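# Commentary on secondary and tertiary structure
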Amino acid sequence: ALTCIHVLLRSLETVGNYIRKSEASGGVAPVVATSGQYTPAITGIANVDSVVVSEAMWFRIGQIVKVTGNVAIDATAAGTETTVSTSLPMASDMWDNAQVGGVAVSRHVDHPAASIIGDAATDTARMSFKAPNTSGTNWWFDFTYRMRS
């Protein structure tokens, strides 16, 4: 089995020269791609009795970060606008609420959708929905945001 690949030093230099020439002429530099898990801090903002959060997953390509996870929210009153704030896995330093966008769904209720937008003042994502009931409703969320460089 092949366990390593030998690359000549002059080949590495050639690739490096091509990258530098590309960057100098307006080309694109190599893109950062990373991923991981985190447990977001989810705080009730309006009409929330309790929140139970699970570990979320994220990946980053360049300046774009995608997050997906699950949260159970116990609302104070049914039929009332409910909002929670979710921490981001990597700070975005956002200047506009529109830099975050996404949705959350629940398969256990009649009106299973929630919107997710940014909160530039707190550098978090805000999820809002009309509470379907007062018991713990599971929501699967998915949102994307842009990091400022």
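Residues numbered from 1 in each chain as written. Predicted model: local features only at pLDDT ≥ 70, side-chain atom pairs only at ≥ 80, totals over all residues. Heavy atoms only, no water.

## Describing the pairing of strand β7 (residues 100–105)
Across six bridges, the pairing between β7 and strand β10 (residues 136–146) is antiparallel. Bridging across to β10, Ala-104 finds its partner in Phe-141. As judged from the five bridges shared by β7 and strand β8 (residues 113–119), these two strands associate in the antiparallel manner. Counted as the bridge partner of Val-105 is Ala-113 from β8. (Pairing = 2+ DSSP bridges. Helix = DSSP H or I, 4+ residues; strand = E, 2+ residues; numbered from the N terminus.)

## Side note on the side chain of Thr-86
Mapped onto the elements, Thr-86 comes out in strand β6 (residues 81–86). The exposure class of Thr-86 is buried, given its relative accessible area of 6%. The contact partners of Thr-86, leaving out residues within four places of it in the chain, are Tyr-38, Pro-40, Ala-41, Ile-42, Thr-124, Ala-125 and Phe-143. (Buried < 20%, exposed > 50% of the residue type's maximum accessible area, 1.4 Å probe, protein only. Contact = heavy atoms within 4.5 Å.)

## Side note on the confidence of the model for the chain
On average, residues of the chain carry a pLDDT of 85, and 79% of them reach 70 or more. For the chain, the element scoring lowest by mean pLDDT is helix α1 (residues 9–24), at 56; β6 scores highest, at 97. (pLDDT = per-residue confidence, 0-100.)

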